[in-house]
Every structure is written in structure tokens, then in C-alpha cells.
Amino acid sequence: MNTIKLFKNAHLLAPEDLGVQDVLVAASKIIAIGSDLTAGDSNFPVEIIDASDFYLTPGFVDSLVHFIGGGGEGGFASRTPEMQLTDATLGGVTTAIGVLGTDATTRTFSNLLAKAHALESEGISTYCYTGSYQVPCRTLLGSITDDLILIDKFIGVGEIAISDHRSSQPTFTELRKVAAEARVGGMLAGKAGIVSVHVGAGASLLDPLHRAVAGSELTIRQFYPTHINRNQAVFNAGLHFALAGGVIDFTTSTTAYDLQHGEVAAAHALAQALAKGIPVSRLTLSSDGNASLPIFDSSGQLLGLEVGKVSTLYQSARSAVLDYQVSLPDALAAITSSPADVLGLSHKGRVAQGKDADIVLINKSNLHIDSVYAKGQQLVKAGQPLVFGTFENRNLSRS
Ligand code: ZN
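Overview of the structure. (Residues numbered from 1 in each chain as written. Predicted model: local features only at pLDDT ≥ 70, side-chain atom pairs only at ≥ 80, totals over all residues. Heavy atoms only, no water.)

## Description of the environment of proline 385
Then, number 1: With respect to the helices and strands, proline 385 occurs in strand E19 (residues 384-385).
Then, number 2: Its relative accessible area of 4% is what places proline 385 among the buried residues.
Then, number 3: Residues proline 385 and serine 371, spaced 14 residues apart in sequence, show a C-alpha to C-alpha distance of 9.0 Å. (Helix = DSSP H or I, 4+ residues; strand = E, 2+ residues; numbered from the N terminus. Buried < 20%, exposed > 50% of the residue type's maximum accessible area, 1.4 Å probe, protein only.)

## A few points about a nonpolar patch on the surface
Then, number 1: A grouping of Leu140, Leu141, Ile149, Leu150, Val184 and Leu188 is seen on the molecular surface, where their side chains present a nonpolar patch of about 520 Å² in accessible area.
Then, number 2: For the nonpolar patch, the secondary structure elements donating two or more residues are helix H3 (144-150) and helix H4 (172-189).
Then, number 3: For valine 184, the position within the fold is in helix H4. (Patch = residues over 30% accessible without salt bridge, like charges linked within 9 Å, V, L, I, M, F, W, Y side chains within 5 Å. Areas by Shrake-Rupley, 256 points an atom, 1.4 Å probe, with all protein chains shown as cover. Salt bridge = Lys/Arg side-chain N within 4 Å of Asp/Glu carboxyl O.)

## Comments concerning the coordination of the zinc ion
Then, number 1: Taken together, the protein donors to the zinc ion comprise Glu159 (OE), His198 (ND1) and His227 (NE2), at separations of 2.0 to 2.2 Å.
Then, number 2: Here the donor residues of the zinc ion are spaced in sequence according to E-x38-H-x28-H. With histidine 198 in strand E10 (residues 194-199) and histidine 227 in the loop between strand E11 (223-226) and helix H6 (232-243), this residue pair connects regions lying 29 residues apart in the sequence. The two residues histidine 198 and histidine 227 agree in class, both being buried. (Donors = N, O, S within 2.8 Å, 3.2 Å for Na, K, Ca; no water.)

## Observations concerning the layout of surface pockets
Then, number 1: When its volume is computed, the largest pocket comes out at roughly 850 Å³.
Then, number 2: What lines the largest pocket is a set of 37 residues, and nearest its centre among them are Arg166, Arg230, Asp258, Ser292 and Pro294.
Then, number 3: At the level of elements, helix H7 (256-260), strand E14 (292-296) and strand E15 (302-307) are the ones that each hand at least two residues to the lining of the largest pocket.
Then, number 4: Among the elements that line the lining of the largest pocket, the one with the most residues is E14, at 4 residues.
Then, number 5: Looking at the lining of the largest pocket residue by residue, the classes come out as 10 nonpolar, 19 polar and 8 charged. (1 Å grid on protein atoms, 1.4 Å probe; cavity = no way out; pocket = protein on both sides within 12 Å on 5 of 7 lines; lining within 4 Å. Points joined across faces, edges and corners; volume = space filled by probe spheres on them. Nonpolar A, V, L, I, M, F, W, Y, C, P; charged D, E, K, R; others polar.)

## A few points about empty space enclosed by the protein
Then, number 1: Counted by the stated rule, this structure contains 1 cavity of 30 Å³ or more.
Then, number 2: At the level of elements, strand E6 (60-65) and E11 are the ones that each hand at least two residues to the lining of the largest cavity.
Then, number 3: Taken together, the residues of the lining of the largest cavity break down into 3 nonpolar, 4 polar and 1 charged.

Spelled out as C-alpha cells, the structure:
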């Protein structure tokens, strides 16, 4: 593996459109961008990549993944499986944020952190949220603040559930306390200290967040609500929240049943929010990968369970471009620079000098992912995995 790579004549979407550029990578970092870059008289072997057929974009940042599995809401047999490395990399995801979700009893922080480290060893970048659906929050060390200050991988808390029958029915004062702890922990550790909020289909919508912010010293940016496309009422409340200055997140994993029953496709939601004048810096997509997705028949009978897929993240961004006329730089921003900024990951989400060499090459002709590099290492080539997770079945993955 050459540690120096020179991408020639790529159309750079950084994610903003910077036209045709060369990009020079050394080890895990992007060290130069410009036209007519050469490797000079380097004594080191340089891999030259002809990128003239491709858009070169930042690796994707997925802000909500149940990478140790989630679910369990239909009994023990409905607990979903772990994510494998290529589930992320084939979808261009090079940074994933792991969460517990509904179940903080059989899913634990020890397991979450171990899996985060395993995925790092296998090649991508990972972070986690402390807490889960419930308030008061489960934590590893006894408080949200301690977890954020002392555990490197914890960058925020969540997903805290509101307006949902599965939530712990938190009061706005409790939400305010969670946000205050996360804020102070984040400040002391130099992290985002964001509160990820799972928004259910309950009638109170986003009101608990507005009430937690009103009359406090907290800003609306402390909260990062997700599943905002779950139905039209939540979507409308989300637009209101974003127009008030908040950041909102749309979930890309879905089922045909959900889309037929009021869910707004994430791609369509992104297009509509942009059309309302909400800047893309306040709009993100996340996959909810490895969450459980119940499948119902037309009469509402449970037929079975599917598992959310990280690969839907880029599929939705691509659909926003092809089906809903969103510009490619805006669609990419919603899965790169916007989540990186919300999560305080300053070395992620952009192709720029000094950033991590997380790079996706997208075929210009059909917008499919061709190659994926994470911290300078190529993990996907011509749409196929070059690197597998430790226990992945290579034959199955190639079929
Ligand atoms: Zn959720």
C-alpha cells in the first residue's frame, strides 16, 4: 500500500463545487489541493489515480447508527444484528456515530465502545453517544458530563426519546438538565456536547424542545432532533424548528409500508426543507442503520422485521439529486459537512488541506459509488470491498 496518493483531474465537490482539481494524500491526511499537482522528485512510491471520470467527495458521516444492533421491541428474538464493516464502506460511510436506542439493558456502553474500537481497527472512524432513550440517562461513569470529559469516543448524548410511547416521558425540565450537562461536558472536553433527540409520533411533537430552550440559557442548537420525516406533522414541526435556527435530521432507512403511510421520503424532505430557505448547514441525513423496521401488511398486521441499512444514507442523497432536483453539492453537504459541523468533528466532512483523507469517488455518469478511502486507506474499489470486517463472509459479500 502506497502511503502517498495523487488523485488527478477529479471534479472536486468538497462538498462545495471547486471544479477540476488534483488532490494529494499522504498517509491519513489530505496535504494539498490544486491544479497540476505533481509528486515531484519524491523518493517514495506514489500511487497516481486517474479520477477524471469521478466526482471526488468527502467520506460520508452517519450521525445515527445502531452498530451493535438495536430494536428488541417485539421480544428478544427481534433484537437486530450488529453492523459489519462493509455495510458502512460500500455505502461510502467513513465516520459512524454509534448509539444504544430503546434498549439500554441488554445493550451496553461497554459493548458499544468495544464495537466502535473494532470498526476503527478495521478501517473507519467511529464515535458514540452516551445515554439512550431514557431520562434520567444511563451513563458509563455516573454522569453525562463525566462520560463526555473522560471517554474519548463519547461526543454527545442520545438518542433521548420524546413524544413517543417508548420514551421515559421526560419533562422539559429534565430535558433542560440533560442539555446543560451535555453542554458543560462538551465544553470541558472540546466536543460538540450535542443532545440527539429521537422524535416519535406523539402529539407533543417538538414542543418539549422548544419549552426546554425557552426561558433558559440554552440555545436551540443544543438539541439535534432526528426522524423528522416520520410523518407530515413531525415534518411540519421540524421545519418550524429549523426556521427558528435549529438543526434537523431526516432518517433514510425506511420500508414501503412506512412510505405508504405518511412517512416523507428523506430525499423529498431534504428538497422541501431547502425550498423553504433552510440552509443545508442546518439539514442532515442519517441512516438509523441496524435499527429494527417492522413490516406490516396492508391491514396493519405485523409480517416481520427488517433491519435499517447504512447504505440508504447515500441512496437518499442520490435520490434527492435524481428525483427531487437537489444540487449534488447540497445533497452531499447533508451527509458530509453538515453532520461533521453539528457533531464538532472538524477533521471530517470536507476535502481540504489538513483534513482526514476520507474520500469517496462517485461515477459522474450514474452517480454510483466507485471507490472509498478512509484515513488514506482504500476500502472499496469499483464498487466492491477491498477490505472486509474480521468475521464477514467474503464469498457471500461478493455475491
Ligand atoms: Zn430513534
